[in-house]
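What follows is the residue order along each chain.
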Amino acid sequence: MTSSDWPARLRERGLRMTRQRLAVLEAVSAAPHRPAEAVHAAVRAQLPEITVQSVYTVLHDLTARELLRRFDPPGSPACYETRTHDNHHHAICTRCGRIEDVECVHGEAPCLQAPPSLQMQIQIADVVFRGICRTCTDTEQGSEELVGSGSAEA
Ligand SMILES: [Zn+2]
Ligand SMILES: [Zn+2]
Ligand SMILES: [Zn+2]
């Protein structure tokens, strides 16, 4: 997906092409899983006058038309990505908060079966992987010798 496709995709979804929408789509596709504040910071480079509030509005409209997917990491602000419709999951590092995409083995929602006794028509089973990323593991191992040596807190 190249950025030149965005105007066509906006039209396809019945949304008018605006500089704000285009800038937000480009910012999100350049760096997925960004929260609104970070999208605002990126978009401001192009559109210095844009407010956080209008970024929120644009994100909301684009999410409603499924041009963006919203992901709510537990305990962190919602973030956005342009990879929609593949039911992929997320792995979150509990130390640094980085988010990685994880392919859905099943391919479509829901990827876990609820027991029939639940008597609910299940549409989605949210799967979130949580752990510690490689960078954090390495940092931890590297600093292990310092632990307990009474290193002063800055
Ligand atoms: Zn990490
Ligand atoms: Zn993702
Ligand atoms: Zn899945």
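Residues numbered from 1 in each chain as written. Chains lettered and ligands numbered in written order. Predicted model: local features only at pLDDT ≥ 70, side-chain atom pairs only at ≥ 80, totals over all residues. Heavy atoms only, no water.

- Looking at an unreviewed UniProt entry, one finds the protein named Fur family ferric uptake transcriptional regulator, with Nesterenkonia aurantiaca as its source organism.
- The annotation that UniProt attaches to the protein under Sequence similarities (unreviewed entry) is "Belongs to the Fur family." (UniProt positions renumbered as here; feature names shortened; annotations may be inferred.)

Remarks on the coordination of the zinc ion (ligand 1)
Link 1 in the chain: The coordination sphere of the zinc ion (ligand 1), as far as protein atoms go, consists of C93 (SG), C96 (SG), C133 (SG) and C136 (SG), spread over 2.2 to 2.3 Å.
Link 2 in the chain: Seen from the zinc ion (ligand 1), its 4 donor atoms lie at angles of 107 to 114 degrees, and the figure they make is tetrahedral.
Link 3 in the chain: All donor residues of the zinc ion (ligand 1) come from one chain, and their arrangement in sequence is C-x2-C-x36-C-x2-C. Of the two residues, C93 is situated in strand β4 (residues 89–93) and C136 in helix α5 (residues 134–142); the sequence distance between them amounts to 43 residues.
Link 4 in the chain: Residue C136 is classed as buried on the basis of its relative accessible area of 14%. (Donors = N, O, S within 2.8 Å, 3.2 Å for Na, K, Ca; no water. Tetrahedral: all angles 85-135°; square planar, octahedral: opposite > 155°, others 65-115°. Helix = DSSP H or I, 4+ residues; strand = E, 2+ residues; numbered from the N terminus. Buried < 20%, exposed > 50% of the residue type's maximum accessible area, 1.4 Å probe, protein only.)

Let's talk about helix α2 (residues 19–30)
Link 1 in the chain: With 12 residues, α2 should cover 16 Å at 1.5 Å per step; its first-to-last C-alpha distance of 16 Å lies within 8% of that length.
Link 2 in the chain: Every buried residue belonging to α2 is among R21, L22, A23, V24, L25, A27 and V28, and all of these are buried.
Link 3 in the chain: Buried positions along α2 lie against α1 (6–12), β1 (34–35), α3 (36–44), α4 (52–64) and β3 (79–81). (Expected span 1.5 Å × (residues − 1). Contact = heavy atoms within 4.5 Å.)

Side note on the pattern of salt bridges
Link 1 in the chain: With the rule as written, the count across this model stands at 10 salt bridges.
Link 2 in the chain: A salt bridge links R69 to E81, with the shortest nitrogen-to-oxygen separation between them at 3.8 Å. Linking R69 in strand β2 (residues 69–71) with E81 in strand β3, this pair joins segments that are 12 residues apart in sequence.
Link 3 in the chain: Residue class for E81 comes out buried when judged on its relative accessible area of 1%. (Salt bridge = Lys/Arg side-chain N within 4 Å of Asp/Glu carboxyl O.)

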